[in-house]
Amino acid sequence: MKIIYQGKETETPPATVGAFLAANGAGGSGVVIEYKGEILSAADAASVPLEDGASLNAFKIVAGG
Amino acid sequence: MGANTYLTEHERKILESAKIGIAGAGGLGSNVAALLVRAGVRRFVVADFDTVAESNLNRQFFFRRQIGEKKVAALAHNLRLIEPDLELDLRDIRLAADNIAEVFDGCDVIVEAMDAAESKEMLLNAFLPAGRRVVSAAGLAGWGRSNDIRTRKVGRNLVLVGDQTRDVRDGFAPVGVRVEIAAAHEANAVASLLLGEEL
């Protein structure tokens, strides 16, 4: 299937949002997940399946202020 | 009249009636507060447990003679030099998951202006599931790359500022000019959310 990940069309086998992010180096804590225009908790991401054509963004929370 | 003489009456009413929470009075928070006071915001809840240190003076809205003072008190003094007529709820407190909701109860927008990534995440987890509007920053350290610092709307209630890359834990110093760019993004996002302007 294809999704729009970080603004780019990306081919992926079926997976949960969490598994996709982990496979793409954006798993775990410290990441804001936006899936289909809504923020998704890491816990929910572990069970929500990717849908064909859906948009997914991951924003790393880094230190400094 | 207030600090901003360029406001329409409509804008003035909106900005003066809003209550803004600022979590952290350091490089981001002290500058966001000063910018919002200049913009016309009058009501704030500011929370920070720390005292002013010499290392803060490269980027924070404090002065050398204020070293050793509590940040919330020093910031209140400095903000009132811009605009005396402010409603400031100052919280000399270390924000945590068990107190943050009470501290910022009733705030229209909460500005995440903390140092540690874990603290930023704690704040987001406290307010986003509850549908509260949050402006947060991540990735503002180091020199150069001004244009990498962006304002993004994420989901319905989060505005995220920064480059999401330059982490102080990776050796990038918190340099004032870049921190203040991020602070200006945060302040502009707050004002835009209040006024219904495009981010």
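Quantities reported herein were computed from a predicted structural model and do not represent experimental measurements. (Residues numbered from 1 in each chain as written. Chains lettered and ligands numbered in written order. Predicted model: local features only at pLDDT ≥ 70, side-chain atom pairs only at ≥ 80, totals over all residues.)

Once that is clear, we can look at the overall build of chain A. Helices and strands together make up the secondary structure of chain A, namely two helices and five strands. Starting at the N terminus and ending at the C terminus, chain A contains elements arranged as β-β-α-β-β-α-β. Relative to a compact globule of 65 residues, whose C-alpha radius of gyration would be 11 Å, chain A shows 11 Å and is just as compact. The principal-axis extents of the C-alpha atoms in chain A amount to approximately 40 × 25 × 20 Å. By residue count, 32% of the 65 residues in chain A fall in the buried class. Residue pairs at least 24 apart in sequence account for 59% of intrachain contacts in chain A once pairs closer than 6 positions are excluded. (Helix = DSSP H or I, 4+ residues; strand = E, 2+ residues; numbered from the N terminus. Rg over C-alpha atoms; globule rule 2.2 N^0.38 Å. Buried ≥ 20, exposed ≤ 12 C-beta atoms within 10 Å, placed from the backbone. Contact = placed C-beta atoms within 7 Å.)

Attention shifts here to the packing of helix H2 (residues 27–39) of chain B against helix H6 (residues 176–195) of chain B. All names here are of chain B. Running from amino to carboxyl end, H2 crosses H6 at an angle of 45 degrees, the nearest separation of the two axes being 8 Å. On the basis of the axis angle, H2 is oblique to H6. Here H2 runs over H6; the crossing is right-handed. Contacts from Gly 27, Leu 28, Asn 31, Val 32, Leu 35, Leu 36 and Ala 39 of H2 reach H6 at Val 179, Glu 180, Ala 182, Ala 183, Ala 184, Glu 186, Ala 187, Val 190 and Ala 191. Grouping the amino acids of the contact of H2 with H6 by side-chain chemistry returns twelve nonpolar, two polar and two charged. (Axes fitted to C-alpha atoms, helices over the stretch in contact; angles between N-to-C directions. Parallel < 35°, antiparallel > 145°, perpendicular 65-115°, else oblique. Left-handed = near helix turned anticlockwise from the far one by under 90°. Nonpolar A, V, L, I, M, F, W, Y, C, P; charged D, E, K, R; others polar.)

Residue and element names in this part refer to chain B. Here helix H3 (residues 71–82) spans 17 Å end to end across twelve residues, near enough to the 16 Å set by a 1.5 Å rise per residue. For H3, the complete set of buried residues consists of Lys 71, Val 72, Ala 74, Leu 75 and Leu 79. On an axial view of H3, the arc spanned by its buried residues comes to 160 degrees, and they lie on one face. Here the buried face of H3 lies against H2, strand E2 (43–47) and strand E3 (87–91). (Expected span 1.5 Å × (residues − 1). Arc of directions from axis to C-beta.)

The next thing to look at is unusual backbone geometry. Located in the positive-phi region is Gln 6 of chain A, a residue other than glycine, with phi close to 55 degrees. Within the element layout of this structure, Gln 6 of chain A appears in the loop between strand E1 (2–5) and strand E2 (8–11).

Residue and element names in this part refer to chain A. Here five strands make up an open sheet; going across it, the order is E2-E1-E5-E3-E4 and the pairing mixed. Across the chains shown, the open sheet's two edge strands, defined by having one partner strand only, are E2 and strand E4 (38–40). Taken over all neighbouring pairs, the strand axes of this sheet differ in orientation by 35 degrees on average, direction set aside. When E1 meets strand E5 (residues 55–60), the two strands line up parallel, connected through two bridges. Within the sheet, the bridge partner assigned to Tyr 5 lies in E5 and is Leu 56. (Pairing = 2+ DSSP bridges.)

Moving on, we get to the interface of chain A and chain B. In many reports, interface size means the accessible area that the parts give up when they come together. The partner chain B presents 30 residues to the 14 residues of chain A that form the contact. Of all the secondary-structure elements, those providing two or more residues to the side of chain A that touches chain B are strand E3 (31–35), E4 and E5 of chain A. Along the lines of polarity and charge, the residues of the side of chain A that touches chain B split into six nonpolar, five polar and three charged.

Okay, the nonpolar core next. Counting residues in hydrophobic clusters, the biggest one holds 78 residues, and the most contacted among them are Ile 20, Ile 22, Val 32, Ala 33, Leu 36, Val 111 and Val 190 of chain B. Residue contacts for Val 111 of chain B: discarding those within four places in its chain leaves Ile 20, Gly 21, Ile 22, Ala 23, Gly 29, Val 32, Val 135, Glu 186 and Val 190 of chain B. (Core = buried A, V, L, I, M, F, W, Y, C linked by C-beta atoms within 7 Å.)

What follows covers the sheet that holds E2 of chain B. All names here are of chain B. One open sheet holds the seven strands; their spatial order is E3-E2-E1-E4-E5-E7-E6, and the pairing between them is mixed. Each of the sheet's edge strands pairs with one partner strand only, and the pair in question is E3 and strand E6 (150–154). Strand after strand, the sheet turns through a mean of 15 degrees between neighbouring axes, direction not considered. Strands in contact with H2 are strand E1 (19–23), E2, strand E4 (109–112) and strand E5 (134–137); relative to E1, the strand with the most contacts, it is inclined by about 160 degrees.

So, on to the environment of Ala 73 of chain B. Residue and element names in this part refer to chain B. By the secondary structure assignment, Ala 73 is in helix H3. By C-beta crowding, Ala 73 is classed as partly exposed, having 18 other C-beta atoms within 10 Å. Sequence separation between Ala 73 and Asp 48 is 25 residues, and the spatial gap between their C-alpha atoms is 9.8 Å.

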